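Structural description and commentary
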Amino acid sequence: MKPDANALNAYVDGELDRDDAAAIARAVAGDPVLARKVAALSNLRSTLAESVEIPDLDINDLVSVENTNVADGKNNFINKKFALAACLAGLLVAGSYLYRDLTTQIVSDDWTTPVLAANNLWSLDNPTAETASVHTVGAVSGELAKLVYVPDLTSAKLQMVYVNSHHVTDGAALYVAGYAGTRGCKITLVAQTATGQLDGVMRDISTQELHAFAWNAGPLDYVLMSQGMESKRFELIATTVRQSSIDHQPVSSETRIALGISRETSAPCLT
Amino acid sequence: MEQMSQDRQRVVPYMQRLYGYAYSLCQNPDDARDLVQECAIKALKAKTPPDETPAFQAWLFRILKNTYLDLLRHRRVVENWQIDDAMFIDQDMEFSGSEDRLINTLTVKISMEALPAVHRDILGLVDIAGLSYGEAALVLEIPTGTVMSRISRARLALLKTIEKGNVRPMLKAKSL
């Protein structure tokens, strides 16, 4: 028996009656190729279910009594949230100085040079192309990818367009994610196994060409870098990414609004 | 007030699934939250919501989808919602063997963004919002068999998009 694609999907979804499901189960047991298809579908289904970060939604926050009585239901709720988010944006950036070390170049050049070069691994014009300006000599362990927390920055109008891993000549294994904005903005996030050179403090490791922050989050060192983005906006994004990398939690709704406000009130990125 | 409180309590159990579906459609957390808010407002303002639970659920999801389509029109965004179920030819799911290594949350998220709206729609209902084929059929007002073929086609499209993506499988390190 060779089940068609519809039957396989229905089997994985538990939508078949007992007899049909039993028939497919017998077919799967006797055919490794079929078993692999079912495993891939099952994996896809469960990964899809986990792929969306569902926030806490309180209907009383979303819907006030006034909302249900007026034509435009957004007024009171959204206005209050924007005011709160504007305050939060200011607090986040100001508060970042509490755990941010203003001393530049506190980590060695041997550490920073290959990490910052990772920004050249992808380009805004063609993010799927491998520019490979950092020499890669081999492959990296999947363990690194499992530990990295790569946040969703769509609230800041930054879309993830590039993800890859590289093993560079000095032995470092880098996990690289690239985000692109709609106004020429480019952000690169790099993660590597902790080297002992960083702690939880967010350190400024900027160069003339790149604005960059680095920090440690447990087993990993992270670096976030940008080109041409306004400093305050990038600091807010870096603070947000740092917190997400520590908590492994999605960005809060107030922070998302703050990121959106920051983007709306900042200039396009210089390239 | 008591009636309004009861109406709200009726909507509450669906909030998270509605968000999941909204996110599948718009791929943006802020828009998704706004869509859920608008959906809840419209549902609570309706004079005669369906009484039966299956019909009420389908009605909520339809409100959300229509709100999303209104948003697209307002933003003058055109999406491909074309689907011809009669033209569907059963496709054998050819697998290259690397799917297991490539299927992780990150690759799935990136690939979903690249899918046409019509595929995100059915995947959003069944895989993310967790509706059964029958429940999805009620929302979309199509036969259950058509839901089966659409989900099959959407998952194949997603797998192919993942395969073509720029995320590479993690290989074991070679000794130098």
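So, here's what we can say about the structure. (Residues numbered from 1 in each chain as written. Chains lettered and ligands numbered in written order. Predicted model: local features only at pLDDT ≥ 70, side-chain atom pairs only at ≥ 80, totals over all residues. Heavy atoms only, no water.)

Considering empty space enclosed by the protein
Residue and element names in this part refer to chain B. Cut-off, in case you're wondering: Cavities and pockets are defined on a 1 Å grid built over the protein atoms alone: a cavity is a set of grid points where a 1.4 Å probe fits but cannot escape, while a pocket is an open set with protein on both sides within 12 Å along at least five of seven lines, and lining residues are those with an atom within 4 Å of any such point. Grid points are joined across faces, edges and corners, and a volume is the space filled by probe spheres set on the points. For the purposes of this entry, the term helix denotes a DSSP run of H or I that reaches at least four residues, the term strand denotes a run of E that reaches at least two, and both are numbered from the N terminus. Three classes are used, and their members are as follows: Ala, Val, Leu, Ile, Met, Phe, Trp, Tyr, Cys and Pro are nonpolar, Asp, Glu, Lys and Arg are charged, and the others, Gly among them, are polar.
As enumerated under the stated definition, the model contains four cavities of 30 Å³ or more in all. Size it by volume and the largest cavity reaches roughly 50 Å³. Looking at the lining of the largest cavity, the elements that each hand over two or more residues are α2 (15-26) and α6 (105-114). Here the lining of the largest cavity is composed, by residue class, of four nonpolar, three polar and one charged.

So, the pairing of strand β8 (residues 220-227) of chain A
All names here are of chain A. The criterion, for reference: A simple rule labels every residue: compare its accessible area, found with a 1.4 Å probe on the protein chains alone, to the largest value its type can have, and call it buried under 20%, exposed over 50%, or partly exposed in between. By definition, two strands form a pair when at least two bridges between them are found by DSSP.
Most of β8 sits out of view: seven of its eight residues are buried. Sheet topology note: the strand β5 (residues 186-193)/β8 ladder contains eight bridges and is antiparallel. The residue of β8 that forms the bridge with Thr188 is Met225. Linking strand β7 (residues 211-217) to β8, which pair antiparallel, is a turn of two residues; within it Gly218 sits at a positive phi near 70°.

Structural notes on the packing of aromatic side chains
Inclusion rule: Put simply, two rings from Phe, Tyr or Trp (the six-membered ring, in Trp's case) pair if the centres are within 6.5 Å, and we call them stacked under 30 degrees between planes, edge-to-face over 60, tilted for the rest. As a reminder, the over-ring test applies to NZ of lysine and CZ of arginine, requiring each to be within 6 Å of the ring centre and within 35 degrees of the ring normal.
Applying the stated rule across the entire model yields six aromatic pairs over all chains. Between Trp215(A) and Tyr222(A), the ring centres sit 5.7 Å apart and the planes meet at 10°, which makes this aromatic pair stacked. With respect to burial, Trp215(A) and Tyr222(A) carry one shared label: buried. Among the aromatic residues, ring-to-ring pairing joins Tyr14(B), Phe56(B) and Trp59(B) into one connected group. In this structure, Arg10(B) packs its charged tip against the face of Phe56(B), placed 3.8 Å from the ring centre.

These figures capture arrangement, not role.
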